[in-house]
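Fold and contact review
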Amino acid sequence: MKAEVKSKTFVTAIATAAGDATAAAKGTGGIEGALRDRQPALVGFVEKQLGALAGPTSKLSFDDRAGLWALALGSVRAVDKHLQGPERPVQVTKEPGRNDPCFCGSGKKFKKCHGGANAPAA
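Not measured: the values here are computed from a predicted model.

1. Quick notes on the overall build of the chain
When you go through the chain residue by residue, the secondary structure sums to 5 helices and 0 strands. The N-to-C order of helical and strand elements in the chain reads α-α-α-α-α. For the chain, the residues scored as buried account for 22% of the 122 residues in total. A sequence separation of at least 24 residues applies to 45% of the contacts in the chain between residues at least 6 apart. As displayed, the chain has an accessible area near 9100 Å², and 57% of this comes from carbon and sulfur atoms.

2. What to know about the nonpolar core
Ala-21, Val-46, Leu-50, Trp-69, Leu-73 and Val-76 are the most contacted members of the largest nonpolar core, which has 14 residues in total. Elements represented by at least two residues in this core include exactly helix 2 (18-26), helix 4 (40-51) and helix 5 (62-84). Of all the elements, helix 5 adds the most residues to this core, at 6 residues.

3. Let's talk about the packing of aromatic side chains
For the coordinates displayed, the defined rule picks out 1 aromatic pair. Taking the centre distance of 6.2 Å and the plane angle of 45° together, the rings of Phe-103 and Phe-110 count as tilted.

4. Examining the environment of Ser-106
Tracing the chain through its elements places Ser-106 in the segment after helix 5. Only 3.3 Å separates the side chain of Ser-106 from the backbone nitrogen of Lys-108, close enough to count as a polar contact.

5. Points about a nonpolar patch on the surface
A cluster of nonpolar side chains, Leu-42, Val-79 and Leu-83, forms an exposed patch at the surface whose accessible area comes to about 240 Å². Here Val-79 lies in helix 5. A residue is classified by how much of its surface remains accessible, and Val-79, at 37% relative accessible area, is partly exposed.

6. Quick look at the environment of Leu-68
Mapped onto the fold, Leu-68 is located in helix 5. Judged by relative accessible area, Leu-68 falls into the partly exposed class, the value being 32%. Sequence spacing of Leu-68 and Thr-22 is 46 residues, and the spatial spacing of their C-alpha atoms is 9.9 Å.

7. Considering the side chain of Asp-80
Positionally, Asp-80 belongs in helix 5. If we ignore the near neighbours within four places in the chain, the residues touching Asp-80 are Leu-35, Arg-38 and Gln-39.

So, how was this worked out
Residues numbered from 1 in each chain as written. Predicted model: local features only at pLDDT ≥ 70, side-chain atom pairs only at ≥ 80, totals over all residues. Heavy atoms only, no water. Helix = DSSP H or I, 4+ residues; strand = E, 2+ residues; numbered from the N terminus. Buried < 20%, exposed > 50% of the residue type's maximum accessible area, 1.4 Å probe, protein only. Contact = heavy atoms within 4.5 Å. Areas by Shrake-Rupley, 256 points an atom, 1.4 Å probe, with all protein chains shown as cover. Core = buried A, V, L, I, M, F, W, Y, C linked by side-chain atoms within 4.5 Å. Phe/Tyr/Trp six-rings, centres within 6.5 Å; stacked < 30°, edge-to-face > 60°. Polar contact = N/O pair within 3.5 Å; in protein donor to acceptor, adjacent residues only side chain to side chain. Patch = residues over 30% accessible without salt bridge, like charges linked within 9 Å, V, L, I, M, F, W, Y side chains within 5 Å. Salt bridge = Lys/Arg side-chain N within 4 Å of Asp/Glu carboxyl O.

Here it is as structure tokens:
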């Protein structure tokens with residue numbers, strides 16, 4: 001019975017791990033950088049289990065090993081992202097357009113009030 005994966009973050013993390021997984025399956029890559037620094041125990045476990053040449057993955061085909069690496073890397077990245085907490089949305093303030101009413105409430109267009117070259121300081 002297939003279990004439905006409900007976490008978009010988890011699925012996205014696995015999909016983006018494909019390139020790294022292929023390199024790891026070839027033996028030319030692994031889990032590097034900040035992820036290794038933040039999750040050393042988890043990264044060490046994954047590399048020990050999947051990276052051993054004489055381990056349980058040695059009899060698998062290259063595609064199967066790459067798939068296991070993608071799943072493992074995606075899982076580690078999803079756990080890491082979850083532990084970092086929710087992303088904070090960036091507040092963007094929109095500049096008024098040249099022909100929009102000025103923000104000061106004068107009733108003039110922005111270009112004639114605070115937006116022009118000879119405009120008073122805001």
